[in-house]
Amino acid sequence: MTMSTATPAAQLAAFAADLRFDAIPEPVVRFTENLLVDWFGSAVAGRGARPVESIARFAQSMGPAEGPSEVLINRRGSSPYLAAIANAAASHLAEQDDVHNGSVFHPATVVFPAAVAVAQAIGASGRQLLTASVAGYEVGIRVGEFLGRSHYKVFHTTGTAGTLASAAAVGNLLGLDAGQMQHAFGSAGTQSAGLWEFLRTAADSKQLHTAHAAAAGLMSAYLGKDGFTGAAEIFEGAQGMAAGMSSDASPLKLTAGLGRRWATAETSFKYHASCRHTHPAADALLHVMRTHDLQHGDLARVVTHVHQGAIDVLGPVVKPATVHQSKFSMGTVLALVARYGHAGLTEFAQHVEVEVTRALRDRVEMKLDHEVDAAYPQRWICLLYTSDAADE
């Protein structure tokens, strides 16, 4: 099953297949260990949440009563496929899983569920797990960058690029050669899915996106190992991902700096338990309040000058109906930050519905700022305007 090595798809597949532990710089390895620990925390934090428990119940009803791979929220064993589904759903609930800015992609929640489940099943070493995880991060980040800003306007990149990231990680663990990996990419890419429409009605789809991406990538890698073929040019082909899902795709981004630029180490951790698009405004508000010694009651109005991506994702959430939907409400996040100095799990669980939160939430406005938008997605920044009660 040999393929041409000239195309970006072939080059990216060869990188993912051939990556070995000794080729990864030590600082990247150490950083990946931190990413893994952070992911475990996010996965455990999903325990008890209704959408997570629903997906976990489904997975366990479909699978064996016992198995080599652990479902983290209940410590039960299952098959790698079904454990990946449950753990991917769990780790995308608390909204504290890591994010790579340039690709607008959450790698951990699709890479680690699949990689850990398969590593447990085949008895892989810690070095093998870390190597495979880096392969998944590097591939998924580049696919997200390749698909561009137009893709993210409609598609949830973690669900789409995530299938490729999962396939790369599992394929590396299974020892796929470059040709098999490229076939796995074709199978994973044709299953890429995830639309933002769920935000408008507080639907549970976000957990389904990661569950599906992790599982679809895992399946694609196992199928590739077994000789199953996929589209050779799934990225830039005439009817591939770019053609159907993007108007500004850049194939060069698929291979830029492979083996030199370690995009894994560019991934950032979340301080607030909310959509990453709210974080620049939250941090800016905290800075203004501390600089001018303001309390939440002093704020009569807050205007955030943001990038278009923030408006696309957060704009539909006007009156959040659930705690999870409130994590995509700029007003709710800033109201919690203003009152408590942090929008963490406790603040969301206990204070979203209180009147003082809702009152300030409704006085927060987002406006598109061309300077901020020009910096995105390489830099996520915000300009902030506030007025206090004395100004009104």
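Residues numbered from 1 in each chain as written. Predicted model: local features only at pLDDT ≥ 70, side-chain atom pairs only at ≥ 80, totals over all residues. Heavy atoms only, no water.

Novice: What exactly am I supposed to notice about the packing of aromatic side chains here?
Specialist: We describe a pair of aromatic rings using the distance from one ring centre to the other and the angle between the two ring planes. As enumerated under the stated definition, the model contains 10 aromatic pairs in all. The cationic tip of Lys327 hangs over the ring face of Phe348; the distance from NZ or CZ to the ring centre is 4.3 Å. (Phe/Tyr/Trp six-rings, centres within 6.5 Å; stacked < 30°, edge-to-face > 60°. Lys NZ or Arg CZ within 6 Å of the ring centre and 35° of its normal.)

Novice: Would you take a moment to explain the pairing of strand E3 (residues 299-306) for this structure?
Specialist: Every other side chain in a regular strand lies on the same face of the sheet, so the side chains alternate between the two faces. Taking burial as the measure, the eight residues of E3 include six buried ones, the bulk of the element. The sheet contact formed by E3 and strand E4 (residues 364-368) spans five bridges and is parallel. Of the residues in E4, the one forming a bridge with His305 is Lys367. (Buried < 20%, exposed > 50% of the residue type's maximum accessible area, 1.4 Å probe, protein only. Helix = DSSP H or I, 4+ residues; strand = E, 2+ residues; numbered from the N terminus. Pairing = 2+ DSSP bridges.)

Novice: Looking at this model, I keep getting lost on the pattern of salt bridges. Mind explaining?
Specialist: Oppositely charged side chains can pair when the atoms bearing their charge come close. Applying the stated rule across the entire model yields 18 salt bridges. The closest approach of N and O atoms between Asp204 and Arg50, which form a salt bridge, is 2.9 Å. With Asp204 in the loop between helix H8 (178-189) and helix H9 (205-225) and Arg50 in helix H3 (residues 50-62), the pair connects residues that are 154 residues apart, well separated along the chain. Taking the relative accessible area as the measure of exposure, Asp204 reaches 30% and is therefore partly exposed. With a relative accessible area of 54%, Arg50 lands in the exposed category. For the salt bridge of Arg261 with Glu266, the shortest nitrogen-to-oxygen distance reads 2.9 Å. Under the relative-accessibility criterion, Glu266 is labelled partly exposed at 38%. Connected through salt bridges with shared partners, the residues Glu26, Arg30 and Glu33 form a single ionic network. (Salt bridge = Lys/Arg side-chain N within 4 Å of Asp/Glu carboxyl O.)

Novice: I'm lost on the nonpolar core in this one. Help?
Specialist: Nonpolar side chains in soluble globular proteins tend to end up buried together. Of all hydrophobic cores here, the largest spans 76 residues; its most connected members are Val143, Phe185 and Phe235. Top element by residues in this core is helix H6 (residues 126-154). It accounts for 11 residues. Dropping the residues within four chain positions of it, Phe235 is found in contact with Ala9, Leu12, Val143, Phe146, Leu164, Phe185, Gly240, Met241, Ala242 and Leu254. By size, the runner-up hydrophobic cluster in this structure holds 37 residues, among which are Cys275, Ala282, Leu285 and Val317. (Core = buried A, V, L, I, M, F, W, Y, C linked by side-chain atoms within 4.5 Å. Contact = heavy atoms within 4.5 Å.)

Novice: Would you mind showing me how to read the packing of helix H1 (residues 8-18) against H6 here?
Specialist: For any two helices packed against each other, the geometry comes down to the angle between their axes and how far apart the axes lie. It is the contact of H1 with H6, at a shortest axis distance of 9 Å, that shows an interaxial angle of 160 degrees. On the basis of their axis angle, the class for H1 and H6 is roughly antiparallel. The handedness of the crossing between H1 and H6 comes out as right-handed. Facing H1, whose interface residues are Leu12, Phe15 and Ala16, H6 presents Ala135, Glu138, Val139, Arg142 and Val143. Of the residues assigned to the contact of H1 with H6, the class counts are six nonpolar, no polar and two charged. (Axes fitted to C-alpha atoms, helices over the stretch in contact; angles between N-to-C directions. Parallel < 35°, antiparallel > 145°, perpendicular 65-115°, else oblique. Left-handed = near helix turned anticlockwise from the far one by under 90°. Nonpolar A, V, L, I, M, F, W, Y, C, P; charged D, E, K, R; others polar.)

None of the figures reported here should be taken as evidence of function without further support.
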